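# Survey of secondary and tertiary structure
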Amino acid sequence: MTTTDTGEPALTIDELAARAGVTVRTVRFYSSRGLLPPPEIGPRRVGRYGRDHLARLALIEEMQHQGMTLAAIERHLRQLPPDLSPHDLAVHRAVVASWAPESVETLSRPELGRRAGRPLSDEDVDRLEAMNVLVPEDGAFRVDAGLFRLGVRLLDVPLSQETILAARTALIEHARAAARELSGLLRDAVAERETEDVKSLSAHMHPLVVQALLTTFQRSLKEELREWVDSGAARAEAAPPGNGDASSA
């Protein structure tokens, strides 16, 4: 794997397929249907793929796992804004996956590295296990595909393991609290309805609620970070100028 001048990873089609857990033939098929944007052409006419291709490929695979037909996937992707970032695509994939059963695979240690698209040290594997991204089982590992991609990205985040685990705990606690409150509201709203009506309403409400939660959380987090940065800048401006070299006083 190489990188562009901006630090964007430039993957060959083989590297892209390995990291996404699909075959090269699948990548070419999606590209031929216009589901993936064309790669950048590098030296010696070799196509190079980046984070956008990987995120879009993960979204396509997730929709296929949900049983969507190829025609439905094509219609869905055409409705998305063309300038979505890899992060936006990842959020969209999370919404699609949120109302699906867990997709758990059993991978060997070498397969973990291939799926991650990078070598995984013993320390990396221990961190992924601590984050509950993977679970050792009979010499292999039980892995949730969506969590695994997120966990591998977290390996490069400059935060301590304790901070990441504390953040995970906070998110789980608040998510469960929100889920309990929303579930109670829905139960009260449909208490007098037939069982089939309740199931139908739940199926329709689930993705809408998850999308609303994600959108609200993203906006709230941006506002909190903006206030934190702005307050830091304000403190820096209000601080008295340095006294310079004390010996010159």
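Up top you'll find the structure we're talking about.
Throughout what follows, the structure given in this document is the object of discussion. (Residues numbered from 1 in each chain as written. Predicted model: local features only at pLDDT ≥ 70, side-chain atom pairs only at ≥ 80, totals over all residues. Heavy atoms only, no water.)

## A closer look at the nonpolar core
Val27, Leu57, Ile60 and Leu77 are the most contacted members of the largest nonpolar core, which has 23 residues in total. Elements represented by at least two residues in this core include exactly helix 1 (13-20), helix 2 (24-32), helix 3 (51-65) and helix 4 (70-79). Tallying contributions element by element places helix 3 first for this core, with 5 residues. Membership of the second largest hydrophobic core comes to 15 residues, among which are Leu107, Phe141, Val143 and Leu155. (Core = buried A, V, L, I, M, F, W, Y, C linked by side-chain atoms within 4.5 Å. Buried < 20%, exposed > 50% of the residue type's maximum accessible area, 1.4 Å probe, protein only. Helix = DSSP H or I, 4+ residues; strand = E, 2+ residues; numbered from the N terminus.)

## Notes on helix 2
Burial in helix 2 covers these residues: Val24, Val27 and Tyr30. The buried residues of helix 2 occupy an angular sector of 125 degrees when projected down its axis, which confines them to one face. The exposed residues of helix 2 that point more than 90 degrees off its buried face are Arg25, Arg28 and Ser32. Where helix 2 is buried, its residues meet helix 1 and helix 3. With its phi angle positive at about 80 degrees, Gly34 sits one or two positions after the end of helix 2. (Arc of directions from axis to C-beta. Contact = heavy atoms within 4.5 Å.)

## A word on helix 3
Residues spaced three or four apart along an α-helix point in a common direction, a consequence of the helix completing one turn every 3.6 residues. Compared with the 21 Å implied by 1.5 Å per residue over 15 residues, the 21 Å span of helix 3 between its first and last C-alpha is a close match. Every buried residue of helix 3 is listed here: His53, Ala55, Arg56, Leu57, Ala58, Leu59, Ile60, Glu61, Glu62 and Met63. Positive backbone phi, approximately 90 degrees, marks Gly67, located one or two places after helix 3. (Expected span 1.5 Å × (residues − 1).)

## Concerning the packing of helix 1 against helix 6 (residues 109-116)
Two elements in contact, helix 1 and helix 6, have axes whose closest approach is 6 Å; the angle formed by their N-to-C orientations is 120 degrees. Put simply, helix 1 runs oblique to helix 6. Contact with helix 1, carried on its side by Ala18, Arg19 and Ala20, involves Arg114, Arg115 and Ala116 of helix 6 and no other residues of that element. Residues belonging to the contact of helix 1 with helix 6 are distributed by class as follows: 3 nonpolar, no polar and 3 charged. (Axes fitted to C-alpha atoms, helices over the stretch in contact; angles between N-to-C directions. Parallel < 35°, antiparallel > 145°, perpendicular 65-115°, else oblique. Nonpolar A, V, L, I, M, F, W, Y, C, P; charged D, E, K, R; others polar.)

## Thoughts on the sheet that holds strand 6 (residues 134-137)
Taken in spatial order, the 3 strands of this open sheet run 5-7-6, and their pairing is antiparallel. Each having just a single partner strand, strand 5 (104-107) and strand 6 make up the two edges of the open sheet. Strand-to-strand twist in this sheet, taken as the mean axis angle between neighbours without regard to direction, amounts to 25 degrees. Sheet topology places strand 6 next to strand 7 (residues 140-144); 4 bridges connect them, and they run antiparallel. Bridging from a neighbouring strand, Val135 pairs with Arg142 of strand 7. The sheet strands contacting helix 6 are strand 5, strand 6 and strand 7, and the helix crosses strand 5 at an angle near 120 degrees. (Pairing = 2+ DSSP bridges.)

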